[in-house]
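Below are the chains, spelled out letter by letter.
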Amino acid sequence: MAEHESLEFGKADFVLLDNVSLEDFMANLKLRFEKGRIYSYIGEVVVSVNPYRAMNIYGRDAVEQYRGRELYERPPHLFAIADAAYKAMKRRNKDTCIVISGESGAGKTEASKYIMQYIAAITNPNQRAEVERVKNMLLKSNCVLEAFGNAKTNRNDNSSRFGKYMDINFDFKGDPIGGHISNYLLEKSRVIFQQDGERSFHSFYQLLRGGPESLLRSLHIQKDPKAYAYIKVGGQVKSSINDGADFKAVADAMKVIGFTSEETLTAYKILATTLHLGNLTFGVDGDVTLIQSPETVSVIGELLSTQQGNVEKALLFRTVSTGRDVIDKQHTAQEASYGRDALAKAMYERLFCWIVGRINDVIEVKNYDARVHGKNTVIGVLDIYGFEIFQNNSFEQFCINYCNEKLQQLFIQLVLKQEQEEYQREGIPWKHIDYFNNQIIVDLVEQQHKGIFSVLDEACMNVGKVTDEVFLQGLNGKLAKHVHYTSRKLSPTDKSLEFDRDFRIKHYAGNVVYSVVGFIDKNKDTLFQDFKRLLYNSSNPVFQAMWPEGKLRITEVTKRPLTAATLFKNSMISLVENLACKEPYYVRCIKPNDVKSPLLFEQERCRHQVEYLGLLENVRVRRAGFAYRQTYPRFLQRYKMISEFTWPNHDLPSDQEAVKRLLQGCGFHHDVAYGKTKVFIRTPRTLFSLEDQRADMVQRIVLFLQKVWRGTLARTRCRRMRAGLVILRAYRRYKVKSYVREVNRRFKNVRTMKDHGRHVKWPTPPKVLRRFEEALKNIHSRWWAWTLIKGLNPEEVLQVRAKVATLEALRGQRADLGLQRAWEGNYLKRDSPDMASSLALVSGELQRKDKFMRVLFSCNVRKINHFHKVEDRALLITDRHLYKMDPQKQYKPMKSIPLYNVTGLSVSPGKDQLVVFHTKDSRDLVVCLQGMLPPAESRIGELVGAMLGHFKSEKRKLQVSVSTPIQCSMNGRKCTIVVETKINQSQPEFTKGRSGYVLSVPGN
Ligand SMILES: Nc1ncnc2c1ncn2[C@@H]1O[C@H](COP(=O)(O)OP(=O)(O)OP(=O)(O)O)[C@@H](O)[C@H]1O
Ligand SMILES: [Mg+2]
């Protein structure tokens, strides 16, 4: 029940009327129309009054207002019913359909377009390209179908001259994935004839007024519609329709849908051929029938891509099979004209059906597998020609009005009859509401043997001369007593009926007088086989595809085709069956006046429509009835989470009890009734409130499930991590163990190895054991060192100490430290063997005098003094003194320096043998070791080691520095000593430099 709208606009839902009377209903409808409220509800049925003006109520903001809302939440609107159908489809996985009914010009087609626009606007939030494509096709198809299937009539400038039922298929997410259009009986007689004030199908005028010059020239047609007999009448009609602009829009739409330019051109060719056909006239010369404008035939031949002769023959002759022979039988001029008209109508009808077929090819659901994509549901939209009464009503109007009877019957079945029957069946107290059941009229038309269609078919089947009058006589004979049928013969005083021509039917929507003229022909719908063959044999493949039955040879055509009436009846029956199995939503359209005025509300006209549409009965049933019903188990299944008694399962004796308990708990007891198998809910508000509560609970359930599931996931993850950790630990342990085992294996026999395992390659340790490996290597090195030195004598120990000291002081700073060889220390003896005796003498003398314990080092040297004097000397370093001796004078000791006076040593980083002894009294001694054997031997390392070893044993510090140039102090004067390499030098040589001395050493 719609609220949210002030009462100044009347009651938005007729169910809310204080008094359910026709007067009140009309007053409310009028008030709403005048206030610009064109939509109202009767429960879930939308009543729409054609506003005949553009309304600003279909925009994006309106869509947003209705999207996902319940019916009663917003003022009545088509969007609300579209949303309800969409929601029902999505929520309950049910196929739904929206049936739009009302008379011609009441606004059905417009309504169907708004509904489709709404569905397109609310679907595909993810903008999937494929879905967008389908939506675009569905929307674009309207424009093409209207061009070829709509025409201006006296009642409606854009009257649908065909019935249209469109299925839109949705995937499980609710996005449109395709569709299918079914078309019903096109009023093809309009191709050759229109009543005064009417036009033929829009397509003809669009081509003439909008087609480019070159196209018209190639089709041999001119712009003026009045030049063509078939549309001459319509060509004189003034209208506000913009055919030129429409032509372009349709051409664009056809392109978007996927018609090739060849196909579109063929469609234009068919339109042009039709126009040319209309201008063909036949004459007689003796007993020969002639075509009076042969040049037109050649144009038709060209347009149909066939020989002119073939066209001519098909128009003038008929091939007849006489059993054994096949002969060409010439038409009379009248037969030829009949054939021409039949051809024009049939070609247009085929064109229309072919267009629908091509659109269906494009929009049909492709690659859908229900097992993968879920159930594919459907919303059907039915927009079919409305009930109509013309000046002259013929076979087409009869069919159209029969169709409306069928739909009214469906409405009655679903809304009025079934509903009331259901209440009785379920044992709900119910006071029957009377309504007019139009089944009797449906039967009048379609009943077997007695119905009008049957009589018509029988008449057509008769051999011999069959006329429309014979058919009328048949009707009069069979239906004389029927209360809804009459004719002049049955009511001789009724002057509105013509003898032998008219019959009248009392339709649910009013009385209609039909003229039987043309009924037989239209029902037989004969098209000579020659034309089918002509078109099939065209070299244009589109014609071939349109006329497959032209393939049959004349002798093969035997079976009588179904009549137009039977075909139409069958299609209506299947349409109604299709609608009946879906959940229906109704839009009942009302036409407020006949002059297309936005202001005029013609009371009588509207009252008539309200009456025949059964709207008042609808209100009564609705008011007395229930908005919603559901079997107990299904109801529980949907709402059981609302109540603690029913969630997750109830323990009451029956589902009915459980539903009662649930509804009592919610406080809805007064608004429901309990049937034998179903629960009935009176107002939609209760249902929506149930839905709200359900949505609330579903959220919680979802949260709960999410919680449980998240917990499960987290626990699984945790278990995995723990397992991982255990594996990791075990693996780590394994790696450590295998490393230790491997080290063990490799170093097992290290004691017996010659090099005590120095050559053994260490295995690569796992990352965690890198520091352990360092420590292990250290231990091994220490053990190895210990093994090496443990067997040494004191002398060797001293030597090792000296070497270690050298290594510590000079490692990395000088190239050759002489560590590899044995250090002898006292070299003078070895270097000068011939002087050994005098050396021993001098050294013994000095030992006695100075009481030294041992010789640390001795060697021949070249020295420079502070007088720049270069002299060769011998150096003897004992544990107490440093002696300089003259080798020229049997090593006579010269000056000595007590070792406690020596503070440090300086050497250069090069290969030279320069060494400076720094003294406390700044009388540094600068010497270069020389006279060595072998000559390339370096003794600097040994000298430094011997001195350091001694100083260390005396716990004194000796400063050793490696630098170049070397800074020293000679007799208190600071100077530098630079080492230079000279290629041609044979001996090291001191010379005076700028700020000290230069030692030139031989280079190589
Ligand atoms: N909602 C609307 N807003 C504005 N104009 C409308 C609306 N509905 C209908 N009309 C006007 O009424 C005209 C007729 O409407 P429509 O073609 O939908 O009628 P119909 O019921 O389909 O008739 P038919 O049975 O002849 O096809 C439209 O061309 C348009 O001018
Ligand atoms: Mg229409």
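Scroll up for the structure.
I will try to describe carefully the structure that is included in this document. This is a predicted model, so every value here is computed, not measured.

The rules behind each value
Residues numbered from 1 in each chain as written. Chains lettered and ligands numbered in written order. Predicted model: local features only at pLDDT ≥ 70, side-chain atom pairs only at ≥ 80, totals over all residues. Heavy atoms only, no water. Pairing = 2+ DSSP bridges. Helix = DSSP H or I, 4+ residues; strand = E, 2+ residues; numbered from the N terminus. Axes fitted to C-alpha atoms, helices over the stretch in contact; angles between N-to-C directions. Contact = heavy atoms within 4.5 Å. Core = buried A, V, L, I, M, F, W, Y, C linked by side-chain atoms within 4.5 Å. Buried < 20%, exposed > 50% of the residue type's maximum accessible area, 1.4 Å probe, protein only. Donors = N, O, S within 2.8 Å, 3.2 Å for Na, K, Ca; no water. Phe/Tyr/Trp six-rings, centres within 6.5 Å; stacked < 30°, edge-to-face > 60°. 1 Å grid on protein atoms, 1.4 Å probe; cavity = no way out; pocket = protein on both sides within 12 Å on 5 of 7 lines; lining within 4 Å. Points joined across faces, edges and corners; volume = space filled by probe spheres on them. Nonpolar A, V, L, I, M, F, W, Y, C, P; charged D, E, K, R; others polar. Patch = residues over 30% accessible without salt bridge, like charges linked within 9 Å, V, L, I, M, F, W, Y side chains within 5 Å. Areas by Shrake-Rupley, 256 points an atom, 1.4 Å probe, with all protein chains shown as cover. Salt bridge = Lys/Arg side-chain N within 4 Å of Asp/Glu carboxyl O. Lys, Arg positive; Asp, Glu negative; His and termini not counted. Charge placed at Lys NZ, Arg CZ, Asp CG, Glu CD.

What to know about the sheet that holds strand 14 (residues 502-507)
In sheet architecture, strand pairing relies on hydrogen bonds along the backbone and comes in two forms, parallel and antiparallel.
Piece 1. In spatial order, the strands read 13-14-15; together these 3 strands make up an open sheet with antiparallel pairing. The open sheet has two edge strands with one neighbour each: strand 13 (485-487) and strand 15 (510-515). For this sheet, the mean inter-axis angle between neighbouring strands, taken without regard to orientation, is 25°.
Piece 2. Here 6 bridges tie strand 14 to strand 15, and the two strands are oriented antiparallel to one another. Note on strand 15: the bridge partner recorded for Ile505 is Val512.
Piece 3. Along the sheet, helix 18 (residues 468-479) contacts strand 13 and strand 14; its crossing angle with strand 13, the most-contacted strand, is approximately 130°.

Regarding the nonpolar core
Piece 1. Formed by 112 residues in total, the largest nonpolar core has its most connected members in Phe148 and Leu351.
Piece 2. Sort the elements by how many residues they give to this core and helix 13 (residues 333-363) lands first, with 15 residues.
Piece 3. Sequence-distant contacts of Leu351, defined by excluding residues within four places in its chain, comprise Phe148, Ala267, Ile270, Leu271 and Met546.
Piece 4. With 84 residues, the next largest nonpolar core counts Ile433, Phe601, Leu613 and Val619 among its residues.

Remarks on the coordination of the magnesium ion (ligand 2)
Piece 1. Taken together, Thr109 (OG1) and Ser160 (OG) make up the full set of protein donors to the magnesium ion (ligand 2), lying 1.9 to 2.1 Å away. Here Ser160 lies in strand 5 (residues 159-160) and Thr109 lies in helix 4 (residues 108-122), a separation of 51 residues in the sequence. For the pair Thr109 and Ser160, a shared accessibility class is recorded, and that class is buried.

Things to note about the packing of aromatic side chains
Piece 1. Here the structure, examined in full by the defined rule, presents 34 aromatic pairs.
Piece 2. A ring pair is formed by Tyr86 and Phe170, whose centres lie 5.7 Å apart and whose planes are at 65°; its orientation type is edge-to-face. Here Tyr86, found in helix 3 (residues 78-92), pairs with Phe170, found in strand 6 (residues 163-170); they are 84 residues apart in sequence, far enough to count as distant.
Piece 3. The class of Phe170 is buried, set by a relative accessible area of 0%.
Piece 4. Each ring, one from Phe387 and one from Tyr508, has its centre 6.2 Å from the other, and the planes form 65°; the classification is edge-to-face. A residue pair is termed long-range when its members are at least 10 positions apart, and Phe387 in the loop between strand 12 (377-383) and helix 15 (395-426) and Tyr508 in the loop between strand 14 and strand 15 qualify at 121 residues.

A few points about empty space enclosed by the protein
Piece 1. Applying the stated criterion across every chain, the model contains 4 cavities of 30 Å³ or more.
Piece 2. Roughly 70 Å³ of internal volume is contained in the largest cavity.
Piece 3. Thr109, Ser112, Asn142, Glu146, Asn150, Ser160, Phe162, Lys164 and Asp383 are the residues that line the largest cavity.
Piece 4. Every element with two or more residues in the lining of the largest cavity is listed here: helix 4 and helix 5 (129-149).
Piece 5. The class makeup of the residues in the lining of the largest cavity is 1 nonpolar, 5 polar and 3 charged.

Regarding a positive patch on the surface
Piece 1. Together, Arg729, Arg732, Arg733, Lys737 and Arg741 line one region of the surface with positive charge.
Piece 2. Here Arg733 shows up in helix 27 (residues 684-747).

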